[in-house]
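Chain by chain, the residues run as shown.
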Amino acid sequence: MTRATRRPPGSTDPDRTASAGADPGPDRTSGTGPVGRRRRSKLLRTATVIGVVAPLGLVGWLGWRTVGGPDRSVPAAAAGTGTPAAAPPGGANPTGSPSGIPAPGTAPTGSSDPALPLPAPTSTALAGRTVLLDPGHNTGNSAHTTEINRKVDIGNARKECDTTGTSTNSGYSEAEYSLDVVHRARAILAARGATVLLVHDGDRPWGPCIDERARIGNAAHADAAVSVHGDGGPANGSGFHVIMPAKVTAGKADTAAIVDPSHRLGLLLRDSFHSATGEPYADYVASKGLDTRSDLGGLNLSTVPKVFIECGNMRNPADARRMTDPQWRQQAAQGIADALTSFLTTR
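What counts, and where the lines are drawn
- Residues numbered from 1 in each chain as written.
- Predicted model: local features only at pLDDT ≥ 70, side-chain atom pairs only at ≥ 80, totals over all residues.
- Heavy atoms only, no water.
- Helix = DSSP H or I, 4+ residues; strand = E, 2+ residues; numbered from the N terminus.
- Buried < 20%, exposed > 50% of the residue type's maximum accessible area, 1.4 Å probe, protein only.
- Axes fitted to C-alpha atoms, helices over the stretch in contact; angles between N-to-C directions.
- Left-handed = near helix turned anticlockwise from the far one by under 90°.
- Contact = heavy atoms within 4.5 Å.
- Nonpolar A, V, L, I, M, F, W, Y, C, P; charged D, E, K, R; others polar.
- Disulfide = S-S within 2.5 Å.
- Salt bridge = Lys/Arg side-chain N within 4 Å of Asp/Glu carboxyl O.

Trainee: Explain unusual backbone geometry here, please?
Mentor: The phi torsion of most residues other than glycine is negative, and most of the peptide bonds are trans. Pro 208 follows Gly 207 through a cis peptide bond whose omega is 5°. Among the secondary structure elements, Pro 208 is positioned in the loop between β4 (195-198) and α5 (210-219). With phi around 50°, His 221 is a residue other than glycine that occupies positive phi space. Considering the arrangement of structural elements, one finds His 221 in the loop between α5 and β5 (224-231). A positive phi angle, close to 65°, is found at Ala 286, a residue other than glycine. Structurally, the position occupied by Ala 286 is in the loop between α6 (259-277) and β9 (290-293). For Ala 286, a relative accessible area of 34% translates into the label partly exposed.

Trainee: Hey, could you run me through the packing of α6 against helix α9 (residues 326-345) in this one?
Mentor: Helix-helix packing: each pair is described by the crossing angle between the helix axes and the interaxial distance. Across the interface, α6 lies against α9 with an axial gap of 8 Å and an inter-helix angle of 145°. In the crossing of α6 with α9, the sense of the turn from one axis to the other is right-handed. When α6 is examined against α9, the residues Pro 261, Arg 264, Leu 265, Leu 268, Leu 269, Ser 272, Phe 273, Ala 276 and Thr 277 are found in contact with a partner set consisting of Trp 328, Gln 331, Ala 332, Gly 335, Ile 336, Asp 338, Ala 339, Leu 340, Ser 342 and Phe 343. Among the residues forming the contact of α6 with α9, the class breakdown is twelve nonpolar, five polar and two charged.

Trainee: It is not clear to me how the state of the cysteines should be interpreted in this structure. Could you clarify?
Mentor: A disulfide bridge is the covalent bond that connects two cysteines by way of their sulfur atoms. Tallying each qualifying case throughout the model produces one disulfide. The disulfide that involves Cys 161 links it to Cys 209, with 2.1 Å between the sulfurs. Across the S-S bond of Cys 161 and Cys 209 the torsion is about -90°, and the bridge reads as left-handed. Of this pair, Cys 161 sits in the loop between β3 (158-160) and α4 (174-191) while Cys 209 is found in the loop between β4 and α5, placing the two residues 48 residues apart along the sequence. The pair Cys 161 / Cys 209 is uniform in exposure class, with both members buried.

Trainee: Help me understand the pattern of salt bridges in this model?
Mentor: Pairing is possible between side chains that carry opposite charge, provided their charged atoms lie close to one another. Enumeration over the complete set of coordinates arrives at 14 salt bridges. Here Asp 201 makes a salt bridge to Arg 186, at a shortest N to O gap of 3.8 Å. Of this pair, Asp 201 sits in the loop between β4 and α5 while Arg 186 sits in helix α4; the two residues are 15 residues apart in sequence, bridging distant segments of the chain. As far as the burial class goes, Asp 201 and Arg 186 line up, both buried. Put simply, Arg 215 and Asp 211 hold a salt bridge, and the shortest N to O gap is 3.4 Å. Of this pair, Arg 215 and Asp 211 both sit in helix α5, four residues apart, roughly one helical turn.

Here's what the structure looks like:
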């Protein structure tokens, strides 16, 4: 912005050489004589210089305004803050990773409650360890029913690629809940030095399918994996439960090697989550907060220790109030992160 220049009292105009009221003399008023001729010559030279410099200055000013002056913002794309292109169908992500795993430390996208950038590690408790967090379902699944209804092989059966998940009566979806809690748990684990990978980060239009969710953890050689969910049980039922893999050796499924470590992880997760949140064990399913199943593709096809947690019943009013509370979700994330830390640092 250009500011008007104010001259101090008594200063002279740069185009004036005599003070007010002084006699200019005949050569100054008539233009005759050597003084007048010199003045005309000086004025002619000044006009010539102005005629050359002014257009050049105008061109430079226009160019400067186009690029961006002090009061103009550089476009977001030029500043490196543009939004990356949307992921294509199938789940390719902006990093180019074929598995759909965002690079560690990538700021989360696509969440209704996005997490802050990952903190720098404050300890080395989990240094060298890789954790896979699997946010259940996807907010876009309902718009891709053909894709998610496709059957996939889970070893001992064929099941739908994915489902839409459940929601509270007010419309807060399981997919939103699970991604928010996973973001919070990721931040805690990353601060402890772990490499944390997500099966998806809200960056895919739908899915991924349950068999791909297992493959992502297998390909990463994760030391442990947790799939985060909210249940859609009867409205009069409440509480959380942890699901562990049964021994399945059928087709492409072979959980023999992960049953025992997954059971240990499940016990730790049950106790840690209960302690962190105060949520009671489910009173409508499982036994003392633990269940073992052979019909979940994400467990059947896993080759790394993995469990599911149903953090509460989203159809129950009391559970729904807790699960929609950000402070409670932070406690839920703390319970999950503490369980994984105990599993990876103790035997």
